[in-house]
Amino acid sequence: MSRNTLRSTVLAPTPAPAPRDRPTVLLTGGSGVLGRALIDELHPDFDLLCLRRNRPLRDPRVRELKGDLLAPRLGLSDLEWHQLALEVDVVLHSAAETNWRTRPEDIVRTNTLGTETMLDLAARADAPMYLVSTAFVVNTPTTEDEERFPGAAAYLVSKAAAEQLWRDADLPGALLRPSVVMGDSATGRIADEQGLTKAIGSMVLGQVPVLPGAPDARVDMVPQDYVTQAIGDLVRGGVGNGEYWLTAGKEAILLREVADVCAEFAVRHGLPEPDRPRLIPVEAVHRLLLPMLEGTALPGSMRRRLRYYAELLLVFQSELPFDSSLGEPHCGVRPSHDDIRAALVRNLESWAEGQAGTLNRLRSRPITTMPTEAAS
């Protein structure tokens, strides 16, 4: 072959491959804490279609679909429902009713009927269905739990029922069980203040005289970016079956460590060193703590706070450590014990930014008792 022939062969234009649209993921719960972090994780690789009912997401990275998760076919017409099924490649159902002050029957209805609707769509679309549940579904509420904390008990019952619906549907996809989702491991930021944020803020301010739990109890919490990376890897990898525990597992930090981190943080930021909470064993919560709250002369704000911690305990206690799937193939990476402890500090730093005015006032005047509402 001559030099001229070679040059013409190399320089000859070749037709570009036909463009291929990115797969479309229908995401529910995109306005929630985990949902917003999932948008960050998934938008580089997928066309995101986010279901919303009333409040717009106003995120240029996603397309929005207005619909009612509890209405037949999301409230869409037959034609719109058919067109949606043709478009969707993956269903990621993250929406759930997590407000325990909602009527118990409404919590169960939302978390089960919503799952049924998305399973129906996934079946029609011939798409895998990824269901976000919770690791704490392993807790079964007692009759006493249901009487004292009906909302939290209904949440656990509804999550177990949703998981069973997913299994019975026998569709491709995966069941995803995160534990407590904390803020980002690098920035500490989270979309909305959660129960964990309120609890650690109150501990920094010395507002938690007692706390349900044994000193060596583990608190299984995972930064949101570890959770969303694992979910993203499972979806990108096309994982078609299995139940995945997105938990810290044996790397989870101890309850007494959480109290230590909060106290150390307070001192570093020029606040009075808070007393460590008195830890009450789980078995004593119903027998001692709750009856005490019902008949005590403690201020109403303190009673409400302690009752709230007892309610958190009902949901988030378990025989730890959990199994953990983090770090397995197509399931992100597993944080170390030190990673989680460092992330807790960053969560506190992010909380302190939002409490800057309160913290500055506390530093500027000598006080012996912290105000009871500063972290509420």
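Note that the coordinates shown come from a computational prediction; the quantities given were computed from them, not determined experimentally. (Residues numbered from 1 in each chain as written. Predicted model: local features only at pLDDT ≥ 70, side-chain atom pairs only at ≥ 80, totals over all residues. Heavy atoms only, no water.)

Visitor: Before we move on, can you summarise unusual backbone geometry with the specific residues and values?
Guide: Backbone geometry places Arg73, a non-glycine residue, at a positive phi of 55 degrees. With respect to the helices and strands, the residue Arg73 is situated in the loop between strand 3 (62-66) and helix 3 (78-87). Judged by relative accessible area, which is 34%, Arg73 ranks as partly exposed. Backbone geometry at Asp126 places phi at a positive 55 degrees, although glycine is not the residue there. Secondary-structure assignment places Asp126 in the loop between helix 4 (104-125) and strand 5 (129-132). Exposure remark for Asp126: the relative accessible area of 71% places this residue in the exposed category. (Helix = DSSP H or I, 4+ residues; strand = E, 2+ residues; numbered from the N terminus. Buried < 20%, exposed > 50% of the residue type's maximum accessible area, 1.4 Å probe, protein only.)

Visitor: Describe helix 6 (residues 150-169), naming the residues involved and giving the relevant values.
Guide: Compared with the 28 Å implied by 1.5 Å per residue over 20 residues, the 28 Å span of helix 6 between its first and last C-alpha is a close match. Two residues or fewer past helix 6, Asp170 is found with a positive phi of approximately 55 degrees. (Expected span 1.5 Å × (residues − 1).)

Visitor: Please give an account of the packing of aromatic side chains that cites residues and values.
Guide: For the structure shown, the criterion picks out 3 aromatic pairs. With centroids separated by 5.4 Å and ring planes inclined at 75 degrees, the aromatic side chains of Phe136 and Phe322 adopt a geometry described as edge-to-face. Within this pair, whereas Phe136 is found in the loop between strand 5 and helix 5 (143-148), its partner Phe322 is found in the loop between helix 11 (300-316) and helix 12 (337-354), the two being separated by 186 residues in sequence. Ring geometry for Trp245 and Phe322: centres 5.8 Å apart, planes at 25 degrees, overall stacked. Of this pair, Trp245 sits in strand 11 (residues 243-246) while Phe322 is found in the loop between helix 11 and helix 12, placing the two residues 77 residues apart along the sequence. Here a set of aromatic residues connected by ring pairs shows up, and it is made of Phe136, Trp245 and Phe322. We note Arg177 situated over the ring of Trp245; from NZ or CZ to the ring centre the distance is 4.5 Å. (Phe/Tyr/Trp six-rings, centres within 6.5 Å; stacked < 30°, edge-to-face > 60°. Lys NZ or Arg CZ within 6 Å of the ring centre and 35° of its normal.)

Visitor: Tell me what's going on with helix 12, and back it up with residues and numbers.
Guide: Across its 18 residues, helix 12 extends 26 Å between first and last C-alpha, which sits within 8% of the 26 Å expected from 1.5 Å per residue. In this structure, the buried side of helix 12 is in contact with strand 7 (180-182), helix 7 (195-204), strand 10 (221-223), strand 12 (253-254), helix 9 (255-268) and helix 13 (356-364). (Contact = heavy atoms within 4.5 Å.)

Visitor: Tell me about the sheet that holds strand 6 (residues 173-178), and name the residues and values.
Guide: Strand pairing in a sheet relies on backbone hydrogen bonds. The paired strands run either parallel or antiparallel. If you walk across this open sheet you meet the 7 strands as 3-2-1-4-5-6-11, and the pairing is parallel. The open sheet has two free edges, formed respectively by strand 3 and strand 11, since each of these has just one partner strand. Pairs of neighbouring strands in the sheet enclose a mean axial angle of 20 degrees, with direction left out of account. (Pairing = 2+ DSSP bridges. Axes fitted to C-alpha atoms, helices over the stretch in contact; angles between N-to-C directions.)

Visitor: Describe the nonpolar core, and please don't skip the residues or the numbers.
Guide: The biggest cluster of nonpolar side chains holds 64 residues, and the ones touching the most others in it are Leu92, Leu176, Met221, Ile231 and Leu246. If we ignore the near neighbours within four places in the chain, the residues touching Leu92 are Val25, Leu26, Leu27, Thr28, Leu38, Leu42, Tyr130, Val132, Leu176 and Ile231. (Core = buried A, V, L, I, M, F, W, Y, C linked by side-chain atoms within 4.5 Å.)

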